[in-house]
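Per-entry structural report
Residues per chain, in single letters:
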Amino acid sequence: MHEWALAEAILATAKQIAEKENLREIAEVTIKVGQLQQVEPPILRFALNQMKSDVFKKAKFRILKAKSTLKCRNCGNIWQFNFRKLDKAAAEAIHFVPEVAHTYIKCPKCGSPDFEIVTGRGVWLEDIKGVKC
Ligand SMILES: [Zn+2]
């Protein structure tokens, strides 16, 4: 459900940027989704295509997954978290409840499960390409 609210926010923001940049037509919108964010790219893409206004008529939506960076609260180690290293059940559990990450992921340096998520949550607009007026 929240993919639709997200799509609405993305389109509104992209439109504002397009107006500021004097784009009369948007060709491509690149969206980044954090690995630990609960977003289904196919649903988001569908919502974007359903809700888009005229300025997006020819727009392509690219949805990319952003890597997660984690920081250990015990030793200060910072590492990039690779989702593919987890088994499928764990990856799915984390996807739906990001807080569960602490059960599955431990600091590779000291083994502590106490870490914070530096990046990897949230959704943001990475890039907009278009045709100038
Ligand atoms: Zn550590």
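Presented here is a report on the structure given in the accompanying data block.

What counts, and where the lines are drawn
Residues numbered from 1 in each chain as written. Predicted model: local features only at pLDDT ≥ 70, side-chain atom pairs only at ≥ 80, totals over all residues. Heavy atoms only, no water. Helix = DSSP H or I, 4+ residues; strand = E, 2+ residues; numbered from the N terminus. Expected span 1.5 Å × (residues − 1). Buried < 20%, exposed > 50% of the residue type's maximum accessible area, 1.4 Å probe, protein only. Arc of directions from axis to C-beta. Contact = heavy atoms within 4.5 Å. Pairing = 2+ DSSP bridges.

**As for helix H1 (residues 2–20)**
Since the α-helix advances by 3.6 residues per turn, residues separated by three or four positions end up pointing in the same direction. Compared with the 27 Å implied by 1.5 Å per residue over 19 residues, the 27 Å span of H1 between its first and last C-alpha is a close match. Among all positions of H1, only Glu3, Leu6, Ala7, Ile10, Leu11, Ala14 and Ala18 are buried. Angular distribution of buried residues about the axis of H1 spans 135°; they occupy a single face of the element. Away from the buried face of H1 by more than 90 degrees, exposed residues Glu8, Gln16, Glu19 and Lys20 are located. Where H1 is buried, its residues contact strand S1 (23–34), helix H2 (41–51), strand S2 (60–66) and strand S6 (123–132). Two residues or fewer past H1, asparagine 22 is found with a positive phi of approximately 60°.

**Regarding the pairing of strand S3 (residues 68–72)**
Buried residues dominate S3, accounting for four of its five residues. Here four bridges tie S3 to strand S4 (residues 78–81), and the two strands are oriented antiparallel to one another. Paired with threonine 69 across the two strands is glutamine 80, which belongs to S4. Where S3 hands over to S4, the hairpin turn is made up of five residues, of which glycine 76 adopts a positive phi near 85°. Here S3 runs beside strand S5 (residues 115–119); their pairing, made up of four bridges, is antiparallel. Opposite leucine 70, over in S5, you have isoleucine 117 as the bridge partner.

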